[in-house]
Each structure stands twice: as C-alpha cells, then as structure tokens.
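Breakdown of the fold
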Amino acid sequence: MTMPERAILVGVDGSSSSVRAARWAAAEAARRKLPLHIVAVFTWPVTGYPEALVASHQLHEALRTNAHDWVRQARDAVLDDAPAITDEVVPGYAPTVLLARAKRASMVVVGSRGLGGFSGLLLGSTAVALAAHAACPVAVVRGEGEFDSGPVVVGVDGSPLSERAIAFAFEEASARGAELRAVLAWSDWPIEVMLEKGYGSLYLDTYVDEAEELLAQRLAGWSEKYPDVVVTREVARSGAARLLLKQAQDAQLVVVGSRGRGGFAGLTMGSTSQALIHHAPCPVVVLRGQDTD
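1. Quick word on the layout of surface pockets
- Taken as a whole, the largest pocket spans an internal volume of roughly 350 Å³.
- Around the largest pocket, the lining comprises 17 residues; the ones closest to its centre are R23, W24, A27, G145 and E146.
- When residues of the lining of the largest pocket are assigned to their parent elements, the largest contribution, six residues, is made by helix 1 (residues 16-32).
- For the lining of the largest pocket, the residue count by class is five nonpolar, three polar and nine charged.

2. Here's the deal with the sheet that holds strand 3 (residues 85-91)
- Reading across from one edge, 3-2-1-4-5-10-9-6-7-8 is the order of the 10 strands in this open sheet, with mixed pairing throughout. At either end of the open sheet lies a strand with only one pairing partner, and these are strand 3 and strand 8 (231-236). Across this sheet, the average inter-strand angle for adjacent strands is 20 degrees, counted without regard to direction.
- As paired elements, strand 7 (residues 180-185) and strand 8 share six bridges and run parallel to each other. Opposite R181, over in strand 8, you have T232 as the bridge partner.
- Contacts from helix 8 (residues 240-247) reach strand 6 (152-155), strand 7, strand 8 and strand 9 (253-257), with the element oriented near 160 degrees to strand 7.

3. Side note on the pattern of salt bridges
- In the structure shown here, the tally under the stated rule is 14 salt bridges.
- A salt bridge links E179 to R181; the shortest N-O distance between them is 4.0 Å.
- Through salt bridges that share partners, E28, R31, R32, E171, E172 and R176 make up one connected network.

4. Thoughts on the packing of aromatic side chains
- Throughout the structure, instances matching the rule amount to two aromatic pairs.
- Judged by centre distance (6.4 Å) and plane angle (25 degrees), the ring pair of F170 and W222 falls under stacked. Taken together, the positions of F170 in helix 5 (residues 160-176) and W222 in helix 7 (residues 204-225) put the pair 52 residues apart, joining distant regions of the chain. For the residue pair F170 and W222, the accessibility class agrees, reading buried in each case.
- Consider the rings of F170 and Y226, whose centres lie 5.8 Å apart with planes at 20 degrees: the pair is stacked. In this pair, F170 sits in helix 5 while Y226 sits in the loop between helix 7 and strand 8, placing the two residues 56 residues apart along the sequence.
- Classification of F170 as buried rests on a relative accessible area of 0%.
- Given a relative accessible area of 15%, Y226 falls into the buried group.

5. A few points about the pairing of strand 4 (residues 107-111)
- In terms of residue burial, strand 4 counts as a mostly covered element, since five of its five residues are buried.
- Burial of strand 4 is two-sided: the residues M107, V109 and G111 facing one way and the residues V108 and V110 facing the other way are all buried.
- Taken together, the four bridges between strand 4 and strand 5 (residues 138-141) define a ladder with parallel strand orientation. Paired with V108 across the bridge in strand 5 is V138.

6. A few points about the environment of G145
- Tracing the chain through its elements places G145 in the loop between strand 5 and strand 6.
- Relative accessible area serves as the criterion here: at 43%, G145 is assigned to the partly exposed category.
- Taking the C-alpha atoms as reference points, G145 and P283, separated by 138 residues in sequence, lie 9.9 Å from one another.

7. Looking at the nonpolar core
- V10, V12, L36, I38, V109, V154 and V255 are the most contacted members of the largest nonpolar core, which has 52 residues in total.
- The element that contributes the greatest number of residues to this core is helix 5, accounting for seven residues.
- Not counting chain neighbours up to four residues away, the residues in contact with V255 comprise V152, V153, V154, G155, A165, F168, A169, V285 and L287.

8. A closer look at the packing of helix 1 against helix 5
- Closest axis-to-axis distance for the helix 1/helix 5 pair is 11 Å, and the angle between their directions is 85 degrees. When the axis of helix 1 is compared with that of helix 5, the two are roughly perpendicular. Within the contact between the two elements, helix 1 uses W24, E28, R31 and R32 and helix 5 uses F168, E171, E172, A175 and R176.

9. Here we look at the side chain of S17
- Relative to the elements of secondary structure, S17 occurs in helix 1.
- Discounting chain neighbours no more than four positions away, the residues touching S17 are G111, S112, R113 and V141.

What counts and how
- Residues numbered from 1 in each chain as written.
- Predicted model: local features only at pLDDT ≥ 70, side-chain atom pairs only at ≥ 80, totals over all residues.
- Heavy atoms only, no water.
- 1 Å grid on protein atoms, 1.4 Å probe; cavity = no way out; pocket = protein on both sides within 12 Å on 5 of 7 lines; lining within 4 Å.
- Points joined across faces, edges and corners; volume = space filled by probe spheres on them.
- Helix = DSSP H or I, 4+ residues; strand = E, 2+ residues; numbered from the N terminus.
- Nonpolar A, V, L, I, M, F, W, Y, C, P; charged D, E, K, R; others polar.
- Pairing = 2+ DSSP bridges.
- Axes fitted to C-alpha atoms, helices over the stretch in contact; angles between N-to-C directions.
- Contact = heavy atoms within 4.5 Å.
- Salt bridge = Lys/Arg side-chain N within 4 Å of Asp/Glu carboxyl O.
- Phe/Tyr/Trp six-rings, centres within 6.5 Å; stacked < 30°, edge-to-face > 60°.
- Buried < 20%, exposed > 50% of the residue type's maximum accessible area, 1.4 Å probe, protein only.
- Core = buried A, V, L, I, M, F, W, Y, C linked by side-chain atoms within 4.5 Å.
- Parallel < 35°, antiparallel > 145°, perpendicular 65-115°, else oblique.

In structure tokens form, the structure reads like this:
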C-alpha cells in the first residue's frame, strides 16, 4: 500500500525491539494526528547456481510470508493507538527502502535491536544510514519503558542545525506536556572557536559565561512561542556524548542535530550520535540538514 504523505514511518522486523518502536511511532502519530505507515523489508535470496533456483524461490516466499507476519504483529500491537494505519512488505535493502520513503515522511522510526531485514542495526547499517542521510527526523527507540514521563532533552551548540533540533524539541515537549532540558557542552569546542575569541577566552569563567549566554539566546524566541513549556538549562565542561547520556537518564526523549559545531561537532561521523544510538536509556531523535543526499 502506498505510504500517505507526511506519515510516521516505522520499520519492523519481527523483533521485540521493533514492536516497541511501532508502539512509540503510533503514539507519536496520535500526538501529531498523522497516519502511521508500517514497513517490513525482506532481502531476496541470491544464488548463482541453477539447481538452487527452486530452493531460492521457496526461500523467497518464506521470507515474504515472514515479513507479512511482522507487519501483522506490529498492526496488532498498535491497532487502538494510531489514528490511521497503512502498511507494506517490500523486497530490498532496508536502509535504501527506508531512505526512499523518508523523503515523504514526517519521521522515520526504528528499534534499537533487530532481526531479519534490520539485523545488525546498531552495527551501523540501518540506524546510522538513516541518521546520516534521511530527509526527515529519525527516531531510534531505545530502552524498555513506556517513556511517557520525564523531560525532553535537547543538545544545543549554536549551529543552524541545532536550531532545528531546538524547534523539534519544543514541539515535542509541548505535545507531551513535558519539561524541556536544554544542554550545552563546551569542553570540546574546536580550537578555531578559541582563537576567534582570543586567548583570554581560555579562562573558565569567560567560557562559562559565553556558553550560558549562547544557550539563553538560542532558547529565547522559542520560549515565547511555547510559553507552556518549562525550560531548564544545563551548561557543563564536558564531552557532548557524556553530558547528553547523563541528562538522558531520567528523560523520555533526547533530540540532537546530526551535524553541528562546538560540543556536538562530528555527530554524523559517530562520536555523539553513535554513543546515543548505542547507549541512551531512552528514545533518540536525530535531525539533519534540509538537503537530501
């Protein structure tokens, strides 16, 4: 079935992790009053031996049947939660299939551990490909809880992409009735920033003051737009991943941009985003730039 425009897209593979991802995606679809689209991807068997063609066909049909079972399992789990549900079973490579559909989605959601078409998710294939290249926000659903309480945590660094993360985080916090916790790590700001500000900025008090001012400036307009959202700020001399993982311990969601500067530089290449995708105790949403490479 064709995916509706702006749907919440969730990839499933029959694992308990993907069922949790489907439930999370259904709740997100209900909050945003959007349809939920469930996709199961299976890989065609490949063989170079003619005598194996029959077996390959049988395997292909078995994989397709399994994929339909994954979709049915996910639908059963979320039937009463999402406003509208569509689904499809697709042969192919999971990252390629999801990236293509992400161009028309509001968000793409995957679990943190997988089977079948999504096996090895945390080893870099699906989750990292989506976080690096998807045209919409990517949610990796980690943890075992319901995640319906606690703050929404957002990583801030002053970059344009960080602004997208802030906007998304405020929207989520407002929809969830949650506190927003905005955090900025400055100990790994790049050397060019230090040089721009002069050697005097190496004094800790100056750095802290500038970081707190930057955070306040980035949040000011959004607090006016979302007066219902209670905002707390955290500025720390810490690595970005370490700080976000610490702040995520009691959170229901962590939001970051996929590339930035300062405390969140190099996110796409694996430092902060990889740490969050692998170790965060709650769901993580990664946003990237507007281009769709």
